[in-house]
Amino acid sequence: MHSVFFWKDWPAHYRTLWLTLSGLFILSLLFLWIGYFQDAHGIIDWQKIQEQKIVETTVHQFRLGPFELNIPAESYVIFEFLQGSEIHHNILASYVFLTVLVIAGMVLLSVITTLPRFWYYLGMALFILFVAALRLEVVVLFGVHGYLVPAIILFLFVALSFYFKSFRSSADFAVRILSFLLLAAVCGVVIYSSSSIRFPMLHLAVTAYLPALILCVLFIVMVAHEILVSFVYIASQGSKSLRHFLIISTIYLVNVFITCLHEIGVIDWQFLYLNLYLLLCTSALLGLWGFKLREPLYESILPFRPSGALFYLALGAICMITIGQLLANANDAALKIIRDVIIFSHAGYGLIFLTYIFSNFMVMMAENLPVYKLLYKPNRMPFFTFRLAGLIATLAFVFYSNWHQYVFHGLAGFYNYVADLYILQDNEALGQGFYDESRKYAFQNHRANYALATIKSSRLNFEGAHYNYELANGRRPSEFSLVNAGNLFAWEKKYFPAIQTYRQGKKIMPSSAALANNLGFAYAKIHALDSATYFISEGRNANLTRTSSEANFLAMAAMEYVPLRADSVVGIFNSNAPAVLANALALATLFGQPFEIPTDPLADMRLDLYSATLLNNYCVLHAKSIDTTFVHAAERTASDSVNAQYRQALKATLAHAYYHQGNVTRALELLAELAYLDEDYRGKYNYIMGLWALEQGSAAIASSYFMHAETADYKDARFYNAIALTEAGKINAATVAWDSVAKKGDENEKQIAMTMNRILSLSPAQAMPLPDPEKYQYCRYSIGLSDTLSFNRIANSFRNDNYKAQALLDRAERQHKAGNLVSATRYLNEINGLQLSDRDLFNNVRYASLRLLASRMEVPLLEKQMTGLTFDDAHQLEKMLYTALISDANGEHAKARQYFSIVGTWNPYFEEGVLAAADFFRKEDKDKMKAYEILVEAIQVNADSYRLLTAYAREAERMGFSEYAASARERLMAIKAGTARQR
């Protein structure tokens, strides 16, 4: 056991030093493997790029005469694909590298102070070269340029070493190490605090690149044969030592040579090649005992206990931390040197070591003697000869591979770090220049080409970015470069080349989830649903892309109108990610489905794209059911300055929610504000307000909205304006509008336009033989209010009771709106006795009857008629009015006030509510202006209402505003005259 755990019999202070430095060595080794498994992830991150698409859905449908009109709203879906970020220097790795390098360097300096005089001077000369290579002048201490300050620092270390060598030669090794470490720490603090440049420590990490790389190569060469040494030890433990040694050595060397040929590009087999870093680490660990075995060769210079052991650990730590830092920063140009030196040295020294064994110990091995004990006491071929021959064999591989390339790769690796420093200092121009130099010296090095590609793509130089990504993927592609190469085509909307690039990447990295997700996204863009679904399913298998792939699937289903049950799909996904829920809500809205997955869209008050889309889609789906509290909370969130970029879309959606709560005033305020602020969407907002005005029965105002939307060339505004003009009774203008639709509309609209123009041009006699649908349209649009004779004659000719009832209902409502309550009542009474098969029509007749009773203030009959009638969401405001009237009649004035405050202000088109509220507050409110204010606010929106203007004129006269009253009466005369001309 003592031969393995040789430090057990060391003095306690030596063991402490040994264990401490062993810990540093092990940490450096672990750091190497962390960098190895991180790969490019140490300097590149995955970014999730979102592409938001609009899915126009229908919030509400309503019938207006013969027309079925849809009120649209915008749901949004989020597609998401992955993109590799720009390179960011792994600062932590560089700091760790510099720290370990300094600590190990101080250990080596301490060892040098124990060497004999010649070797001491030689060691100090090498140390001076090492410090000079650090180029301490670049940190510009105290603002002083030049070599003065670095010379002072170097003098301090040399003086301290000379002190221990000449004056305190008996000083304990621990004292030497601690002294040098303390001096190094002081220098580090001074450099960090007094440097005139940014990132002084990173500058030192960059300048330490070359000396560290040289020491790393020396250590690799030093331990290149140690695995074969272990084979000697293993074979010596049993019988047939020579045969066993030959077998395992041959297997090992064959694999080494195959890997070597693969590295230099001679072969490219589907073969399990040796992991070069595992090969080095194994050699390094075994080399510790091998270096102890070699003590007879160097014991005259330094003893193994503890100087030799500490020297080995310090040099090994430098080697491991250097490689770890190169791996953590994905500096593949420099790693090319490391990889080739590892495999070349193991091949060259391995082959020569076999010669060394056979020349010196073959007979002893054949006799099963413990050769490992005499391994470094040769009797024929000296160990120096083996080292020299091994070096020559290694250099043979180097020269075969063109030794110039290793110089160039070394420079390229250095330029990569210099470029990083300039990028960190926000000097992108110089950074790009050094990346380009790195690319020139190491033509297909991934790091420089990837950095150049990301810089160029950010500047929209797609041609240059394509070129650099192609180079980055030439030899040592990363998953990031493979993905970004395809993304570049996707940015250019070239989805077929993008798919081809992604698929080529999948051949190189078949397990890449990012490539699978992006392939699914690209196939969705070209409507290849089967392929998109296949790759999206593959993307769901990885944590990195699960949410993105699930969101993409639902987004694709919504964009392609795939009839899936949204909440069932989310249940299968078992996901509560905002992007997934948002897309599922859009899909549910599209197909009019309920969505039963618990969702809290207001969980985040500070919105991002995901939560804003979730909130928007939730409000669209539940526009008819969300309560006032939720809507107010959502509006506060949308109005918050931190959510400014989402404010417009959310307020437009919340306007629908206000509308379906009956608060038409607030809904119109929101859309009017947005139309004023955003010219690009002005047509859209006017279009929606026009539809609302049509549904509320104000066709003239609807026409004005549609004219604005038509000016913006928004959707079917021309067609809907023709409907609005027809509904408003402006026959001449409507005929012109229908002619325009007949010329510019689609085929369906042209047919409707021809029919409408024909109906508007008929006489009553010509209308008599029409079928019921067209006869109904004639009654609705071509017979004026005063032409009772024509209407009665045509109404009595209907064959279908439903059409007759609808015509009578329309007539009653028009008479009601004109203030002719007696005529309105008579037409409604004529509907009694008709056999109605349309349930909605039957309910509409009942609603109209209630409105008439409310206008005539027949409260007891109104209360009786309400019994058993269920008010749907569209008639909740009417229910409030009737409740207010009943409460007022019953003396419950506080309750009545509460309801009248709502019905008087929420909907200016709800004339019964406005008029009743004005009457109530005129009688009950101490503020004499309340009734006047209610009427003023209403006519600001519903300016063509004959009843509201009449009430306003009376109220203005009562308040003493004679001029306003006169103006209102003039407007009433104009409306009356216009109606007469139109009909």
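The numbering scheme is per chain: residues are counted from 1 as the chain's sequence reads. Side-chain atom pairs in this predicted model are given and counted only at pLDDT of 80 or more, local residue features only at pLDDT of at least 70, and totals for whole chains, interfaces and linings cover all residues. Excluded from the side-chain calculation are hydrogens and water; included are all heavy atoms of the structure.

Caption draft 1: The overall build of the chain, seen in detail. When helices and strands are counted, the chain shows 47 helices and 2 strands. We compute the radius of gyration from the C-alpha atoms alone; for a globule the expected value is 2.2 Å times N to the 0.38, where N is the number of residues. In summary, the chain has a C-alpha radius of gyration of 44 Å against a globular reference of 30 Å for 983 residues, an excess of more than 25%. Considering only C-alpha atoms, the chain reaches an extent of 135 × 60 × 50 Å along its principal axes. Note on exposure labels: buried denotes an accessible area under 20% of the residue type's maximum, exposed denotes more than 50%, and partly exposed covers the range between, all computed with a 1.4 Å probe on protein chains only. Counting all 983 residues of the chain, 54% fall into the buried class. Numbering goes from the N terminus for both helices and strands, where a helix is a DSSP run of H or I of at least four residues and a strand is a run of E of at least two.

Caption draft 2: Structural view of the pairing of strand β1 (residues 46-64). A pair of strands is treated as paired once DSSP finds two or more bridges between them. Pairing of β1 with strand β2 (residues 67-84), which is carried by 18 bridges, proceeds in the antiparallel orientation. Each residue of the ladder has a partner; that of Gln61, found in β2, is Asn70. Counted along the chain from β1 to the antiparallel partner β2, the turn is 2 residues long, and its residue Gly65 has a positive phi close to 60°.

Caption draft 3: Inspection of the environment of Val822 at higher detail. Here Val822 lies in helix α39 (residues 821-831). Looking at Val822, the relative accessible area reads 69%, which means it is exposed. A sequence separation of 650 residues divides Val822 from Asp172, and the C-alpha atoms of the two residues are 119 Å apart.

Caption draft 4: Fine view of the packing of helix α36 (residues 772-781) against helix α38 (residues 801-817). Whenever a helix is involved, its axis is fitted only over the stretch in contact; in every case the axis is a line through C-alpha atoms, and angles between N-to-C directions fall within 0 to 180 degrees. Running from N to C, α36 and α38 cross one another at 10°; their axes reach a closest spacing of 10 Å. Considered as vectors, α36 and α38 are oriented roughly parallel to each other. Along its contact with α36, which presents Asp772, Pro773, Tyr776, Cys779 and Arg780, the element α38 presents Tyr803, Gln806, Ala807, Asp810 and Arg814. When its residues are assigned to classes, the contact of α36 with α38 shows 5 nonpolar, 1 polar and 4 charged. Angular relationships are summarised with four words: roughly parallel below 35 degrees, roughly antiparallel beyond 145, roughly perpendicular across 65 to 115, and oblique for the angles in between. Contact criterion: two residues are considered in contact whenever any of their non-hydrogen atoms come within 4.5 Å of each other. Asp, Glu, Lys and Arg are counted as charged, while Ala, Val, Leu, Ile, Met, Phe, Trp, Tyr, Cys and Pro are counted as nonpolar; the rest, among them Gly, fall into the polar class.

Caption draft 5: How the structure looks around the environment of Trp289. Tracing the sequence through the fold places Trp289 in helix α10 (residues 276-293). The partly exposed category is assigned to Trp289, whose relative accessible area is 31%. For Trp289 and Phe6, which are 283 residues apart along the polypeptide, the C-alpha to C-alpha distance reads 8.9 Å.

Caption draft 6: Inspection of the pattern of salt bridges at higher detail. Should a side-chain nitrogen of Lys or Arg be within 4 Å of a carboxyl oxygen of Asp or Glu, the pair is scored as a salt bridge. Considering all chains together, one arrives at 40 salt bridges under this definition. Between Arg198 and Asp426 there is a salt bridge, with its nearest N and O atoms 3.9 Å apart. With Arg198 in the loop between α5 (173-194) and α6 (200-207) and Asp426 in the loop between α15 (404-424) and α16 (428-441), the pair connects residues that are 228 residues apart, well separated along the chain. Relative accessible area serves as the criterion here: at 64%, Asp426 is assigned to the exposed category. The partner of Glu226 in a salt bridge is Arg294, with the nearest N and O atoms 2.5 Å apart. Of this pair, Glu226 sits in helix α8 (residues 226-235) while Arg294 sits in the loop between α10 and α11 (295-298), placing them 68 residues apart in sequence. Neither residue differs from the other here; Glu226 and Arg294 are each classed as buried. One salt-bridge network, held together by shared partners, links Glu51, Lys53, Lys493 and Lys525.

Caption draft 7: Quick peek at α16. Residue count minus one, scaled by 1.5 Å, sets the expected span of a helix. Between its first and last C-alpha, α16 extends 20 Å over 14 residues, near the 20 Å set by a 1.5 Å rise per residue. Where α16 is concerned, the buried positions are Gly431, Gln432, Tyr435, Ser438 and Arg439. Projected down its long axis, α16 shows its buried positions confined to an angular sector of 115°, all on one face. Packing partners of the buried residues in α16 comprise α15, α17 (446-458) and α18 (462-472). What the arc covers is the set of directions going from the helix axis to the C-beta atoms.

Caption draft 8: Region of the structure containing the nonpolar core. Among buried residues, the Ala, Val, Leu, Ile, Met, Phe, Trp, Tyr and Cys ones that are joined through side-chain atoms within 4.5 Å form a nonpolar core. In this structure, Phe157 and Ile323 are the most contacted members of the largest nonpolar core, which totals 135 residues. The element best represented in this core is helix α13 (residues 332-366), accounting for 18 residues. Ignoring anything within four residues of it in the chain, the contact list for Phe157 reads Met106, Leu109, Phe127, Phe180, Leu183, Ala184 and Cys187. Among the nonpolar cores identified, the runner-up in size contains 133 residues, and Tyr450, Phe535, Phe573 and Phe595 belong to it.

Caption draft 9: Examining the state of the cysteines more closely. Criterion for a disulfide: a pair of cysteine sulfur atoms within 2.5 Å. Evaluation of the coordinates by the stated rule reveals 0 disulfides. This cysteine, Cys260, is not joined by any disulfide, and Cys216 carries the nearest cysteine sulfur, 18 Å off. Given a relative accessible area of 0%, Cys260 falls into the buried group. We note that Cys281 lacks a disulfide partner, and the nearest cysteine sulfur, in Cys319, lies 8.4 Å from it.

Caption draft 10: Focus on the packing of α5 against α6. For the pair α5 and α6, interaxial distance at closest approach is 8 Å and the crossing angle is 120°. In terms of orientation, α5 lies oblique with respect to α6. Across the interface between the two elements, Gly188, Ile191 and Tyr192 of α5 pack against Pro200, Met201 and Leu204 of α6. Of the residues contributing to the contact of α5 with α6, the split by class is 5 nonpolar, 1 polar and no charged.

Caption draft 11: A look at the packing of aromatic side chains. A pair of aromatic rings is counted whenever rings of Phe, Tyr or Trp (Trp by its six-membered ring) have centres within 6.5 Å, and the orientation is called stacked for planes under 30 degrees apart, edge-to-face for over 60 and tilted otherwise. Inspection of every chain in the model, using the stated rule, returns 75 aromatic pairs. Ring centres of Trp269 and Phe271 lie 6.5 Å apart, and the angle between their planes is 80°; on these two criteria the pair is classed as edge-to-face. Assessed through its relative accessible area of 47%, Trp269 is described here as partly exposed. Aromatic side chains Tyr450 and Tyr469 sit 6.0 Å apart centroid to centroid with 75° between the ring planes, which places their arrangement in the edge-to-face category. Here the residue Tyr450 occupies a position in helix α17, and Tyr469 occupies one in helix α18, the gap between them amounting to 19 residues. Note on accessibility: Tyr450 and Tyr469 belong to one class, buried. Joined through ring pairs, the aromatic side chains of Phe5, Phe6, Trp7, Trp10, Trp18, Phe219, Trp289, Phe291, Tyr298, Phe304, Phe311 and Tyr312 make up one cluster. Lys775 extends its terminal NZ or CZ atom over the ring of Phe798, reaching a point 5.8 Å from the ring centre. In this analysis the charged atom, NZ for Lys or CZ for Arg, is taken to sit over a ring once it is within 6 Å of the ring centre and within 35 degrees of the ring normal.

Caption draft 12: View of a nonpolar patch on the surface. Every patch collects residues that have over 30% relative accessible area and no salt bridge, joining them within 9 Å if they carry like charges and within 5 Å if they are nonpolar side chains (Val, Leu, Ile, Met, Phe, Trp, Tyr). Accessible areas in this description were obtained via Shrake-Rupley with a 1.4 Å probe; residue shielding takes into account the shown protein chains only. Where nonpolar side chains cluster on the molecular surface, the patch consists of Phe384, Leu388, Leu391, Ile392, Leu395, Phe399, Trp403, Val407, Phe408 and Leu411 and spans about 930 Å² of accessible area. When contributions to the nonpolar patch are tallied by element, the ones reaching two or more residues are α14 (383-400) and α15. For the nonpolar patch, the element with the highest residue contribution is α14, accounting for 6 residues. The class for Leu411 is partly exposed, based on a relative accessible area of 32%.

Caption draft 13: Focus on helix α26 (residues 609-621). The end-to-end C-alpha distance of α26 is 18 Å, a good match for the 18 Å that 13 residues give at a rise of 1.5 Å each. By the criterion of burial, α26 is predominantly enclosed, with 10 of the 13 residues buried. The elements touched by buried residues of α26 are β1, β2, α25 (578-590), α27 (628-639) and α28 (644-660). Counted as a polar contact is a pair of N or O atoms within 3.5 Å, where, for protein atoms, one must be capable of donating a hydrogen and the other of accepting one, and residues adjacent in sequence contribute only when both atoms are in side chains. Capping the start of α26, Asp608 holds a side-chain oxygen 3.1 Å from the backbone nitrogen of Tyr610, two or three residues further along.

Caption draft 14: Focus on unusual backbone geometry. Omega for the bond connecting Arg305 with Pro306 falls within 30 degrees of zero, at -10°, which places this linkage in the cis form. With respect to the helices and strands, Pro306 occurs in helix α12 (residues 304-328). Located in the positive-phi region is Asp39, a residue other than glycine, with phi close to 55°. Inspection of the secondary structure puts Asp39 in the loop between α1 (12-38) and β1. Here Phe142, not a glycine, exhibits a phi torsion of approximately 55°, which is positive. For Phe142, the position within the fold is in the loop between α3 (117-134) and α4 (148-167). Among the residues examined, Phe142 registers a relative accessible area of 56% and is labelled exposed.

Keep in mind these values describe shape, not function.
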